[in-house]
Amino acid sequence: MNLRDLRYVIAVADHRHFGRAAEACHVSQPTLSGQLRKLEEMLGMTLFERTNKSVVPTQAAEQILPLARAAVENADAIAALAQGWRDPLAGSLRLGVIPTLGPYLMPRVLGPLKQHYPNLDLVLWEDVTDNLLSRLRRHELDAALLATDVMEDGIVDIPLFDEPFLLVMPEAHPLSAMEQIDAARLETVEMLVLADGHCLRDQALAACKQPGGGRADLRATSLEMLLNMVAAGYGCTLAPAVTVAGRASPVSGTVTQPLAPGTAGRTVRLAFRETFPRRTAVEAVAAAIRTLHPGGT
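The notes below deal with the structure included here. Source: prediction; values computed, not measured.

## Description of the overall build of the protein chain
Next, step 1: A tally of regular secondary structure across the protein chain gives 10 helices and 9 strands.
Next, step 2: Burial status across the protein chain gives 46% buried among its 297 residues.
Next, step 3: Considering only contacts within the protein chain whose residues lie at least 6 apart along the sequence, 72% involve residues at least 24 apart.
Next, step 4: For the protein chain, the exposed surface amounts to about 14900 Å²; the carbon and sulfur share of it is 53%.

## What about the nonpolar core?
Next, step 1: Membership of the largest hydrophobic core comes to 63 residues, with the highest contact counts inside it found for Leu 101, Leu 145, Leu 160, Leu 167, Leu 270 and Val 285.
Next, step 2: The biggest single contributor to this core is strand E6 (residues 155–170), with 8 residues.
Next, step 3: Setting aside its immediate chain neighbours within four residues, Leu 101 contacts Met 106, Leu 145, Phe 161, Val 242, Arg 266 and Val 268.
Next, step 4: Core analysis: the second largest hydrophobic core is formed by 20 residues, Ile 10, Val 12, Phe 18 and Ala 21 among them.

## Structural notes on the packing of aromatic side chains
Next, step 1: Scanning all chains against the criterion turns up 1 aromatic pair.
Next, step 2: Ring centres of Phe 18 and Phe 48 lie 6.4 Å apart, and the angle between their planes is 75°; on these two criteria the pair is classed as edge-to-face. One end of the pair, Phe 18, is in helix H2 (residues 18–25); the other, Phe 48, is in strand E1 (residues 48–50), with 30 residues separating them in the sequence. Accessibility classification places Phe 18 together with Phe 48 in one group, the buried group.
Next, step 3: Here Arg 135 stacks its cationic end above the ring of Trp 125, 3.8 Å away from the centre of that ring.

## Side note on helix H10 (residues 279–292)
Next, step 1: The first and last C-alpha atoms of H10 sit 20 Å apart over 14 residues, in line with the 20 Å expected at 1.5 Å per residue.
Next, step 2: Within H10, burial applies to Ala 281, Val 282, Ala 284, Val 285, Ala 286, Ala 288 and Ile 289.

## Notes on the layout of surface pockets
Next, step 1: The calculated volume of the largest pocket comes to roughly 1300 Å³.
Next, step 2: Lining the largest pocket are 35 residues, and of these Arg 7, Asp 76, Arg 94, His 139 and Glu 140 lie nearest its centre.
Next, step 3: Breaking the lining of the largest pocket down by element, the ones donating at least two residues are helix H1 (3–15), H2, helix H4 (59–86), strand E3 (91–97) and strand E4 (120–126).
Next, step 4: Looking at which element gives the most residues to the lining of the largest pocket, the answer is H4, with 8 residues.

## Some points on the side chain of Thr 100
Next, step 1: Locating Thr 100 in the fold gives a position in the loop between E3 and helix H5 (102–116).
Next, step 2: Taking the relative accessible area as the measure of exposure, Thr 100 reaches 3% and is therefore buried.
Next, step 3: Engagement of the side chain of Thr 100 in a polar contact is seen with the side chain of Arg 266, the distance being 3.0 Å.
Next, step 4: When sequence neighbours within four positions are dropped, the list of residues in contact with Thr 100 reads Leu 194, Leu 200, Leu 223, Pro 240, Val 242 and Arg 266.

Criteria and thresholds
Residues numbered from 1 in each chain as written. Predicted model: local features only at pLDDT ≥ 70, side-chain atom pairs only at ≥ 80, totals over all residues. Heavy atoms only, no water. Helix = DSSP H or I, 4+ residues; strand = E, 2+ residues; numbered from the N terminus. Buried < 20%, exposed > 50% of the residue type's maximum accessible area, 1.4 Å probe, protein only. Contact = heavy atoms within 4.5 Å. Areas by Shrake-Rupley, 256 points an atom, 1.4 Å probe, with all protein chains shown as cover. Core = buried A, V, L, I, M, F, W, Y, C linked by side-chain atoms within 4.5 Å. Phe/Tyr/Trp six-rings, centres within 6.5 Å; stacked < 30°, edge-to-face > 60°. Lys NZ or Arg CZ within 6 Å of the ring centre and 35° of its normal. Expected span 1.5 Å × (residues − 1). 1 Å grid on protein atoms, 1.4 Å probe; cavity = no way out; pocket = protein on both sides within 12 Å on 5 of 7 lines; lining within 4 Å. Points joined across faces, edges and corners; volume = space filled by probe spheres on them. Polar contact = N/O pair within 3.5 Å; in protein donor to acceptor, adjacent residues only side chain to side chain.

Take a look at the structure:
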């Protein structure tokens, strides 16, 4: 038995599919399946019930899995610790980022980071907050750029910058001529919001005091889709200031107006495991973002 075998067992248990597990482990499906059969023969037990439609861990496998995960995590921690002692600013750093931040912030950050830290290789993973935190807990990510408070044991964060929200509306909207939008007027706006799972959705609904969820006939999965729906006259939306980045509006056909101070915004944070051995690399990324982002300190 070796760590490779344990990684295969964990992958199949997580994906419930040999093909997807093999893809996640970067091996062919016959290789993974054959190695698992050898492991089952060595252990003298069946680890997975296999049918044409499903792959389910046996009761024995369910007892083995926590031990396998602990062994793999400890081995990875040893390797990461050794790498960190050698050079914390070299090698890959797996960075998660939420979809309402990544496309707008990361293009401005990646170049300068590569220039200052040529041996640091950022590996990006875009997903919603809950999924990023889950991957962070499972040691599948080293850090994550989030826009909500992190209230989890073992996860710490570095606040990077505070960012206000802007009201994005069609050019002919009655509020388009106002210099800023106060909370009372915001409550009257027909609001377009992202689908469930996006932190920006909850933040926008809280700011507008619309707990019903905005328009029921639209649940966009990307901010770009929302902005283009606004341009088409379907309603308004709240967008983080990072989406504007010096432009008058994020997309053609829209007008962007600031909200009254304190109405709505978010704090962008860089979260990571408290035990992560390469804190120097995380702090280097944090410092670069603070320097390059207009709201950074």
